[in-house]
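What follows is each chain in one-letter form.
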Amino acid sequence: RAKSEGKSTYHFFEPALDQQARERRQTELDMRSALRDGDFELHYQPLYSIAEDRFTGFEALLRWNHPERGRISPLDFIPLAEETGLILPIGEWVIREACRQAAEWPEDVSVAVNISPKQFTYAGLTNTILQALSSTGLAASRLELEITESIFIADVEKTLSTLHNLRSLGVRIALDDFGTGYSSLSYLRSFPFDKVKIDRSFVEDLGQGGNSHAVVRAITTLADALGMDTLAEGVEIDEQLEVLKQEGCRNIQGYLFSKPMAASDVAELFENSASVQSSRVA
Ligand code: C2E
Ligand code: MG
Ligand code: MG
Ligand code: MG
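The text that follows walks through the structure, step by step, so that each part is easy to find. In this text, all values refer to a predicted model and were calculated from it rather than measured experimentally. (Residues numbered from 1 in each chain as written. Chains lettered and ligands numbered in written order. Predicted model: local features only at pLDDT ≥ 70, side-chain atom pairs only at ≥ 80, totals over all residues. Heavy atoms only, no water.)

For a metal bound by four donors in tetrahedral geometry, the ideal donor-metal-donor angle is 109.5 degrees, whereas six donors in octahedral geometry ideally sit at 90 or 180 degrees. Around the magnesium ion (ligand 2), the donor atoms from the protein are E59 (OE), N114 (OD1), E146 (OE) and D176 (OD), and they sit 2.0 to 2.2 Å away. Coordination of the magnesium ion (ligand 2) draws on donor residues from a single chain, spaced E-x54-N-x31-E-x29-D in sequence. In this structure, the magnesium ion (ligand 2) lies 3.5 Å away from the magnesium ion (ligand 3), the two metals sharing D176 as a donor. Pair noted here: N114 is in strand 4 (residues 110-114) and E146 is in strand 5 (residues 143-147), with a separation of 32 residues, a long-range link. A relative accessible area of 1% means that E146 is categorised as buried. (Donors = N, O, S within 2.8 Å, 3.2 Å for Na, K, Ca; no water. Helix = DSSP H or I, 4+ residues; strand = E, 2+ residues; numbered from the N terminus. Buried < 20%, exposed > 50% of the residue type's maximum accessible area, 1.4 Å probe, protein only.)

Put into structure tokens, the structure is as follows:
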């Protein structure tokens, strides 16, 4: 584009591009340091089962505590990590850390880990997961991998075989942010997912008279028919929860129940509920 606009324009934009490139390079270097210095942290958001009326799992969400810039949102660094390939070592850390912490939780509580497109196509992923499970002692059935629709752009045969390989380990696969990307209801039929996570954008305008109601109903109906679990993301108010219950959605995640919390708060949650139970028994 710069070229077609002529030489002078090109020179005009050059410093800005340089600046941007420098910032990206700096962030890349900072991500390397963060891995080395332990500046990444996982927060956990509860996944609530309507039928069981309890938290059956937690989604691990990456946090970066930057020494100068403070806490940086994953939305602001995961794309660059993905581009530079740094998502592989970062993602490996996330998988190990999530398994290590989840192994401390009650056995009927699982952990969900986000897997980026580059991680998904990385041949070493299966091995990373196997190692994390065996070194932490976490049962494979307690690990869920969240992948997004972007995997559908890739080779279908390859995507299918990766999904089958992962599921043969005993881990579960959830399709994250469903409805936002390249999705089509037919993907649900063709790929072996255990769970569909309905994107927050549909939940947002539930109860406001839009057509999201019908979308949610279509997704839960099809998922039910295919034997897949359903979860609605970003549930913030009671009205949304009520509609989701009516439409047969099975699980809920959102600020209505809890924001993502530090690992120590999850541990405390279990300690407290254990002491509530034992005090009832006593
Ligand atoms: P996601 O996987 O869809 O995660 C859900 C996001 O929605 C989280 O944002 C969560 O804090 C937010 N959320 C949950 N409930 C509510 C609600 O009721 N209202 C609103 N407004 N938001 C809610 P977060 O933690 O900022 O993460 C953003 C995205 O970054 C994630 O979206 C995921 O795509 C990515 N991400 C986070 N951690 C990792 C990771 O370890 N690896 C990879 N590859 N991606 C990650
Ligand atoms: Mg997710
Ligand atoms: Mg999501
Ligand atoms: Mg989402």
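This paragraph deals with the coordination of the magnesium ion (ligand 3). Bound to the magnesium ion (ligand 3) are the protein donor atoms D176 (OD), D177 (OD) and E233 (OE), situated 1.7 to 2.4 Å from the metal. In primary sequence terms, the donor set of the magnesium ion (ligand 3) follows D-D-x55-E. D177 gets classed as partly exposed once you look at its relative accessible area, which sits at 25%. Judged by its relative accessible area of 11%, E233 is buried.

Further remarks concern unusual backbone geometry. Residue D53 is not a glycine yet carries a positive backbone phi of 50°. Here D53 shows up in the loop between strand 1 (40-49) and strand 2 (54-66). Relative accessible area serves as the criterion here: at 55%, D53 is assigned to the exposed category. Positive phi, close to 55°, is recorded for D177, a residue that is not glycine.

None of the figures reported here should be taken as evidence of function without further support.
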